[in-house]
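The primary structure of each chain is shown beneath.
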Amino acid sequence: MDLKLKGKKAFISGGTHGIGLSIAKNLGHEGCEIIFCSRTIKRLNFTLDLLKNMNISAYGYQCDALIREDVDKCINIVKDEIGGIDILVNNVGGGGSWGSEDITNTDEIIWHQVYEKNVTAAIKFTNGFLPSMVENNWGRVITITSTLGIEAGGRPWFNIAKTAQTALMKNLSKNKMFVKKGITFNCIAPGPIDIPDTGWAIKKKEPKFDEFIDTLIPMGKLGKPEDVANIVSFIASPLAKFINGSSITVDGGTSTAF
Ligand SMILES: NC(=O)c1ccc[n+]([C@@H]2O[C@H](COP(=O)([O-])OP(=O)(O)OC[C@H]3O[C@@H](n4cnc5c(N)ncnc54)[C@H](OP(=O)(O)O)[C@@H]3O)[C@@H](O)[C@H]2O)c1
């Protein structure tokens, strides 16, 4: 299927590892120009090389999504050098295993840090890039949330942050000033996705891991980053023009919310 994404400019926050990297590759494969940010030069260079070797036009910027000056600088450089974007993927997030199971032993700062990483970062990038979409009379804002953005569970700071991201997209999807111009706002809500060098990769080595996964996920296996990236590309495409304010789970049937 031709997703009609050729020539669109897509910005992915945290596009150098895991789900974000897979989204960058997938949208690039569909013909988008890829712009991404992350904190570490090593990952930025790795991703730039990888995408260029795939003949994908790519630009990477060092930016910590938690630092206001970094984000402002990144948005301004993208505006000046690339002339705005068509597609924003708010992928930076996480913190689901931060703090401790015992919330009374978890410093209040964790609640704020997880909120900042997920919600404030998404607000900053969305606010920063929306004007160029308004100018273009077209746009896509896609936020990578979690099944814990649509139902209760996990650590409360993460549950709060992911639900707030969902509320942000849903609220903006009602704003006629944007949506009548062809800008849509949606969430992709992953369940457990197998990412190298992260929590799941470590957990995999534990005894009874397979049993644990079989109980947790009806399909009996972890998802792959490309499972998330495939649906992101569709939602980013002009073909998904009437999908607005949705939260699409990619979880092998894990969540219980309707
Ligand atoms: N993996 C899962 O099972 C799962 C499940 C549900 C939801 N999600 C959501 O999916 C999203 C991506 O998760 P992931 O597991 O793919 O993460 P990941 O593999 O740890 O990758 C995170 C990416 O974001 C960048 N990053 C991290 N902090 C940043 C910051 N402050 N500023 C800028 N860039 C930053 C990282 O690069 P640098 O280190 O260079 O900054 C990296 O490119 C998150 O929103 C997460 O909550 C994941």
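It should be noted that the structure appears before, not after, this text.
So, how was this worked out
- Residues numbered from 1 in each chain as written.
- Predicted model: local features only at pLDDT ≥ 70, side-chain atom pairs only at ≥ 80, totals over all residues.
- Heavy atoms only, no water.
- Pairing = 2+ DSSP bridges.
- Helix = DSSP H or I, 4+ residues; strand = E, 2+ residues; numbered from the N terminus.
- Axes fitted to C-alpha atoms, helices over the stretch in contact; angles between N-to-C directions.
- Contact = heavy atoms within 4.5 Å.
- Expected span 1.5 Å × (residues − 1).
- Parallel < 35°, antiparallel > 145°, perpendicular 65-115°, else oblique.
- Left-handed = near helix turned anticlockwise from the far one by under 90°.
- Nonpolar A, V, L, I, M, F, W, Y, C, P; charged D, E, K, R; others polar.
- Near = heavy atom within 4 Å.
- Polar contact = N/O pair within 3.5 Å; in protein donor to acceptor, adjacent residues only side chain to side chain.
- Areas by Shrake-Rupley, 256 points an atom, 1.4 Å probe, with all protein chains shown as cover.
- 1 Å grid on protein atoms, 1.4 Å probe; cavity = no way out; pocket = protein on both sides within 12 Å on 5 of 7 lines; lining within 4 Å.
- Sits in = over half its atoms within 2 Å of the grid points.

This brings us to the sheet that holds strand β6 (residues 183-190). Read across the sheet, 7 strands follow the order β3-β2-β1-β4-β5-β6-β7 without closing on themselves; strand pairing throughout is parallel. The outermost strands of the open sheet, each flanked by one partner alone, are β3 (58-62) and β7 (247-250). Recorded for the sheet is a direction-independent mean angle of 20 degrees between the axes of neighbouring strands. Pairing analysis gives 4 bridges linking β6 to β7, with the strands arranged parallel. Across the sheet, the residue bridging to cysteine 187 is serine 247, located in β7. Taken strand by strand, helix α2 (residues 41-53) contacts β2 (33-38) and β3, and its axis lies near 180 degrees from that of β3. Together, β1 (9-13), β2, β4 (87-90), β5 (139-144) and β6 form the strand contacts of helix α4 (residues 108-136), whose direction differs from that of β4 by roughly 175 degrees.

With that out of the way, let us pick up helix α9 (residues 225-236). Given a rise of 1.5 Å per residue, 12 residues ought to cover 16 Å, and the 16 Å separating the end C-alpha atoms of α9 matches this to within 8%. Close packing links the buried residues of α9 with α1 (18-29), β4, β5, β6 and β7.

This part takes up the packing of α1 against α2. Running from N to C, α1 and α2 point in directions that differ by 25 degrees, and their axes come no closer than 11 Å. With respect to α2, the axis of α1 lies roughly parallel. Here α1 and α2 pass one another in a crossing that is right-handed. Counting all contacts with α1, which are made through Leu21, Ala24 and Lys25, the residues of α2 involved are Phe46, Thr47, Leu50 and Leu51. By residue class, the composition of the contact of α1 with α2 is 5 nonpolar, 1 polar and 1 charged.

Neighbouring the ligand are 29 residues, the closest being Thr16, His17, Arg39, Thr40 and Ala65. With respect to the ligand, the side chain of arginine 43 contributes an N or O atom lying 2.9 Å from an oxygen atom. In isolation the ligand has 900 Å² of accessible area, and contact with the protein removes 89% of it. For the ligand, the cavity whose grid points lie within 2 Å of the majority of its atoms is the largest pocket.

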